[in-house]
Amino acid sequence: AVTEALATDPAATELGKPSRRGRRADPMLLEIAWEACNQVGGIYTVLRSKVPSMVSRWGNRYCLVGPYNDKSAPIEFEPSPLVGPVGQAVKQMNEMGYRAEYGRWLVSGRPHIVLLHIGDTYKYLNDIKYRLWADHGIPTPNDDALINDVLAFGESTRLLLSMLGAKESHRRRIVAHFHEWMAGAAVPMLRREAWPGSIVFTTHATLLGRYLAMHNPVFYDHLSFFDAGHEAKHFNIEAQHGLERAAAHGAHVFTTVSDVTAAECTHLLGRDPDLLLPNGLNIERFAAIHEFQNLHKQYKQQIHEFTMGHFFPSYSFDLDNTLYMFTSGRYEYRNKGMDLTIEALARLNHRLKTAETPVTVVFFIITKAPVRSVNVAALESRAMLEEFQNAADAIKESIGKELFNSAAAGHIPDLNTLVDDYWRLRLRRSIQSWKRDGLPPIVTHDMVDDGKDAVLNQLRHCQLFNAPEDRVKVVFHPDFINSTNPLFGMEYDQFVRGTHLGVFPSYYEPWGYTPLESIALGVPAITSDLSGFGSYLAQVMPGHDDQGISVVHRRHADFNGAAHELCESMFNFCQLSRRERITLRNTVESFSEHFDWHNLGRRYHEAHEMALDRDAH
Ligand code: G6P
Ligand code: 1S3
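The numbers attached to residues start from 1 for each chain and follow its sequence in the written order. Just so you know, chain letters begin at A and ligand numbers begin at 1, following the order they were written in. With the structure being a predicted model, the display of local features is reserved for residues of pLDDT at least 70 and the display and counting of side-chain atom pairs for 80 or more, all residues being used for whole-chain, interface and lining totals. Hydrogens and water molecules were not included; the side-chain quantities draw on all heavy atoms of the structure.

1. Comments concerning the packing of helix α17 (residues 376-408) against helix α18 (residues 421-434)
Short version of the rule: Angles run from 0 to 180 degrees between N-to-C directions of axes, and those axes are lines fitted to C-alpha atoms, restricted for helices to the stretch in contact. Only DSSP runs of H or I with at least four residues qualify as helices, and only runs of E with at least two residues qualify as strands; both kinds are numbered from the N terminus onward. Any angle that is under 35 degrees is reported as roughly parallel, and any over 145 degrees as roughly antiparallel; angles of 65 to 115 degrees are reported as roughly perpendicular and all others as oblique. By the definition used in this description, the sense in which the near helix is turned from the far one sets the handedness, with an anticlockwise turn below a right angle giving left-handed and a clockwise turn giving right-handed. Whether two residues touch is decided by their heavy atoms; if any such pair falls within 4.5 Å, the residues are in contact. Gly counts as polar in this scheme, as do all residues outside two lists: the nonpolar Ala, Val, Leu, Ile, Met, Phe, Trp, Tyr, Cys and Pro, and the charged Asp, Glu, Lys and Arg.
With their axes 10 Å apart at the nearest point, α17 and α18 run at an angle of 160° to one another. Our classification of the angle between α17 and α18 gives roughly antiparallel. By crossing handedness, the relation of α17 to α18 is classed as left-handed. Between α17 and α18, the residues in contact are S381, M384, L385, E387, F388, A391, A394 and I395 and W423, R426, L427, S430, I431, S433 and W434, respectively. When the residues that make up the contact of α17 with α18 are grouped by side-chain class, the tally is 10 nonpolar, three polar and two charged.

2. Some remarks on the environment of H461
The criterion, for reference: Partly exposed describes any residue whose relative accessible area lies between the buried limit of under 20% and the exposed limit of over 50%, with all areas from a 1.4 Å probe on protein chains only and scaled to the type maximum.
Note that H461 resides in helix α19 (residues 454-461). Owing to a relative accessible area of 65%, H461 belongs among the exposed residues under this scheme. Considered as a pair, H461 and E343 are 118 residues apart in the sequence and their alpha carbons are 9.5 Å apart.

3. Here's the deal with the pairing of strand β2 (residues 62-67)
Selection criterion: Crossovers are marked right-handed if the path from the first strand over the helix to the second runs clockwise, as seen with the strands pointing away from the viewer. Any two strands with at least two DSSP-identified bridges between them are counted as paired.
Burial within β2 is extensive, with six of its six residues counted as buried. Of the two faces of β2, the one lined by Y62, L64 and G66 and the one lined by C63, V65 and P67 are each fully buried. Note that the unit made of strand β1 (residues 25-32), helix α3 (residues 42-58) and β2 has a crossover that is right-handed. Here β2 runs beside strand β5 (residues 112-116); their pairing, made up of five bridges, is parallel. Directly across from G66, in β5, lies its bridge partner L115.

4. Here we look at the nonpolar core
Considering soluble globular proteins, one finds that nonpolar side chains tend to be buried as a cluster. For the record, the criterion: Nonpolar cores were defined as sets of buried Ala, Val, Leu, Ile, Met, Phe, Trp, Tyr and Cys residues, with membership established by side-chain atoms within 4.5 Å.
Among the nonpolar cores identified, the biggest contains 78 residues, and W105, F364, F495 and F595 are the most heavily contacted of them. Once you skip the residues sitting within four places of it in the chain, W105 turns out to touch A36, C37, Y44, L47, R48, V51, L64, E76, R110, P111 and I113. Counting residues in each nonpolar core, the second largest holds 71 residues, with M93, M163, A213 and F219 among its members.

5. What to know about the packing of helix α16 (residues 338-355) against helix α23 (residues 559-574)
Contact geometry for α16 and α23: axes closest at 8 Å, N-to-C directions at 50°. Considering the angle they form, α16 stands oblique to α23. Here α16 and α23 pass one another in a crossing that is right-handed. Contacts from D339, L340, T341, E343, A344, L345, R347, L348, R351, L352 and A355 of α16 reach α23 at F559, N560, A562, A563, H564, L566, C567, E568, M570, F571 and C574. Here the contact of α16 with α23 is composed, by residue class, of 14 nonpolar, three polar and five charged.

And the structure:
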């Protein structure tokens, strides 16, 4: 039906022309999400990276809607005059006492955006909750701050869209695309008041699926047998589940990000998604391949410096034979596959020891856990490294001058006599105080609850203690990496470029941006067949293993089997020569182009077309 619509309706291919849908002006699209101009997790990446593709299709008829956040708005938002249909609706809201901002989101593509001050609808919370219960049978608790925010955002969005619909819908058709349950509360409310527009709802996970996966090691095998209502009650998420379900059923077009999540939608929400909308990125390709290879070299040097500061006070190893691997993501220990990764690392350690390879693996676990501060010893080692650098620079300068003068005078001096005694002594003292008796630390920060931390406990259990003889060393960095970080002093994407392999064998992962980001930066990655991305790869690119993206089989394998496969995959990577690694980086970087929004954005356009076709207004 979609293909047919595309073939027969000029509006499907060229939104600028009047269509058989009537003589109204071209339709407009609003995209509503909790993470619009408000970074929490992956949905922010979806919205932000997709903007250029949406703007190139919809132009000025595209507008995002999000909650006003007083930390991000001053940085990412620029106000515009309240003109045009959306500007007018915002003006009307303001006049009625509901503050809303209209302007541009300062990201690539500079789209229009409305930011709603959700606190202004708080006074109606009880009424909203009553309506949800009376009209839609959704119970909501009294004292849950997040649910209260979600409902306030839903009501503010409803007000905005109602005003826009009342003024504009006779002139042009409106598509409202909602993301995730946190933006979905407006969907049942709008349908009940017969809002004159088309609604798309995309879920980026199911809340119940996430809870069940966290608690049930055979979640996927049992998926079709769960009683969703009963389980939602059991996990005390009836309100969230009810809102998600109502949004899924209320939308003209219901979509999700992968076939993995589609199965959850069918069984836990009771509606098959109409379309799958895989996530893309804005892939930045360099004109010449050597440019990104040079970046790898440059950023790897920065990681070398961290490694020296972290490990070398205890003992040193050959950096030229060191491979950097990492995993990263929100701290959902089991869901993000951190448990499997650590088990596989313990096996890899043993494997590398017995194979007697010269390779050392330094593995970084990057997440965000409650911490007090950066570890003082880690900062001291880092500072000491700078002291070495200063001493080396001073010695280089003084030797350079002496050597030049002597050479000009016609003789080569004894190089040993050229180093100033002061610097010789200073260097000796630094080396002395640089040495440490114990093993290199595992964790870079002082954690709030070191004794109960899941990653640390498993590292202890697997005896990965960074002993000199260990071929696998681990650095647990319980904070996200950015340029203000004192230990690395680099942005996350620079860090990724400097590594050799990203490892993301998730158990619950509707899509999974981390491996995609990794390959887009030219770094090979491992994912799992339970992630939407891994499942997509298996379908569109069966030969992905040779292209630098491996998919660990977790769907029909137990923990032990999956750990074995992951260990083998990492071990095989350790066997590659430098030349082979360089070739693999080239291959993976070029393959990532498939995931550019200019390819995948088409799926969104299809969903919007389908919504316009289905809505009778
Ligand atoms: C890039 C650089 C090369 C460097 C190589 C190291 O390709 O252009 O000059 O030798 O990285 O690769 P490796 O996989 O050993 O970090
Ligand atoms: C979700 O974020 P998460 O890490 O909670 O949405 C992301 C964007 O669609 C997706 O990549 C991820 O798998 C989901 O889990």
